[in-house]
Amino acid sequence: MRSPYLRWTWLLCSIGCYVWASKAEIERHLEMGKQFLAKGQFSDALTHYHAAIELDPTNYQTYYRRATVLLATGKSKAALADLDKVVELKPDFTAALIQRGSVFMKLGELKKASTDFWAAAKADPANAEIDEKLRQVKVAEDYKHSAEAFYNAHDCEAAEDQLTRAIEFAQWDSDLYRKRAKCYEQMGDIQKAISDIRTITKLVPDSTHAFFHMAELHYGVGDVESSLAQVRECLKLDPEDKQCFPHYKKVKKLAKMRESLAKFASKEQWMECLEKGQQILKAEVHNDHIQLEVFRHTCKCNANLGHLTEAIFECSEVLNKVDENDLDMLSERAEAYILNEQFEDAVRDYEKAVQAHEESRRAKEGLQKAQRLLKQSKKKDYYKILGVKRNANKREIMKAYRKLAQKWHPDNFSDEIEKKKAEEKFINIASAKEVLTDPEKREKFDRGEDPLDHEGQQGGGHPFHGHPFHGFNPFGNDGGYSFKFNFG
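What counts, and where the lines are drawn
- Residues numbered from 1 in each chain as written.
- Predicted model: local features only at pLDDT ≥ 70, side-chain atom pairs only at ≥ 80, totals over all residues.
- Heavy atoms only, no water.
- UniProt positions renumbered as here; feature names shortened; annotations may be inferred.
- Helix = DSSP H or I, 4+ residues; strand = E, 2+ residues; numbered from the N terminus.
- Buried < 20%, exposed > 50% of the residue type's maximum accessible area, 1.4 Å probe, protein only.
- Contact = heavy atoms within 4.5 Å.
- Core = buried A, V, L, I, M, F, W, Y, C linked by side-chain atoms within 4.5 Å.
- Phe/Tyr/Trp six-rings, centres within 6.5 Å; stacked < 30°, edge-to-face > 60°.

- The chain carries the name J domain-containing protein in an unreviewed UniProt entry, which gives Steinernema carpocapsae as its organism.
- According to UniProt, the comment filed for the chain under the heading Subcellular location (unreviewed entry) is "Endoplasmic reticulum lumen".

Below, the structure written as structure tokens:
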């Protein structure tokens, strides 16, 4: 049996060995944490600082180091808890007071920041860094108070300036971003407002209202996809949110309709495209941005359906209200002008497109075509001769031809002067019918070439070469008529 002396000797030795082992382990964790921190491996550094604090919860230096890592990873609230512990364990630790004061200033808690900086100044009166911090917190207070006054007076321009200056010091103050976003919104700068609200979602954990607000702003400017993305973020936080859920259903329905509209337009299903566009316009009567986006598609659809006035109006709305140099809209309107035989307007649109988009082959080729058609329109225009639109189909062309051929048949006139006039008109009507019912000749004419003039030159200039009476004069040398014409 051991003597009391031996038992005490053994106990003291055990305690000493344990204390020595614990101290060595703490130092090892602190050193490893320091090495990982230097490498920017914050997660590993935190693991070792957690372990060191568990072994010795009274070491203020360890709390301070962990707070530094937490701040580096953006965990300001956790860092503040550690800095509070540091100041509790060592109230005159200047570095911790400056660090905590700096965090308070970034959070916009300027009174707390000032208190910490003054405590640090008392502990270390000769520290120039503290003087600068005290100056900064005073400037931040002035900007914040001034911004508040302007904001309450609804002077958004002045408030925005002061809020921006205050944010330079209080980068984590969500209230400053909220007020500045409101000012941007009232000033019409929606993208800047969205940017500030997005910052709020990073600063405030439960940001369902902020996500909903962003969804509304995106929706208001016609950005349906972004609106849908933001409202989904809201529903991740609360799947049954009373604002976000109804908005999600509405915007998702609109997104599907817009997808169908684009699909119909790309597949040249013009009537379906127009019907879907009208459906969206009816549902979004008060959203100009969404209506203008619909016009981008229905402009082309209407033009291809022969609704030229509507097509020109819709393209013009997009150009006037969104972007006057939009290549697609300038080109689509120019094509509608061509179909409507407004060739000078088409030339102007394509000239503007070429000027704004010098690299665009579409604009250059369109301009060349419009210029040829303008030149051609001052000569013989087969569409005008028959009185049909440039997008008329063969049935419409034949109907117009029959009606005019019957009207201007030379047999209908007895007066020689009128007969000669009718003869000329009748030949032109027949020529127009030949060109516009022949796909190849019509394509040439639509490019600005007259296929009958071209053929006339190749055929030696015969006055009737290329039209239905090729090879003989249907009216004879004496102007008499001894046969009937077939108008079919």
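## A short note on the side chain of threonine 437
At step 1: Residue placement: threonine 437 occurs in helix α22 (residues 416-437).
At step 2: Here threonine 437 falls in the buried class, since its relative accessible area comes to 19%.
At step 3: Excluding anything up to four places from it in sequence, threonine 437 contacts Lys394, Ile397 and Met398.

## Here's the deal with the nonpolar core
At step 1: Ranked by internal contacts, the top residues of the largest apolar core, which has 71 residues, are Leu254, Ile280 and Ile338.
At step 2: Among the elements that line this core, the one with the most residues is helix α13 (residues 244-266), at eight residues.

## Some points on the packing of aromatic side chains
At step 1: Following the criterion strictly, the structure yields seven aromatic pairs and no others.
At step 2: Summarising the aromatic geometry, the rings of tyrosine 60 and phenylalanine 93 are spaced 5.2 Å apart at their centres and angled 75° between planes, so their arrangement reads as edge-to-face. Residue tyrosine 60 is found in helix α3 (residues 60-72), and its partner phenylalanine 93 is found in the loop between α4 (76-89) and α5 (94-107); the two are separated by 33 residues along the sequence.
At step 3: According to the relative accessible area criterion, tyrosine 60 is partly exposed, its value standing at 23%.
At step 4: Plain terms: the ring middles of tyrosine 382 and phenylalanine 445 are 5.0 Å apart, the flat faces sit at 50° to each other, and that makes the pair tilted. In this pair, tyrosine 382 is assigned in helix α20 (residues 382-386) and phenylalanine 445 in helix α23 (residues 439-446), connecting sequence segments 63 residues apart. In this pair, the class of tyrosine 382 matches that of phenylalanine 445, namely buried.

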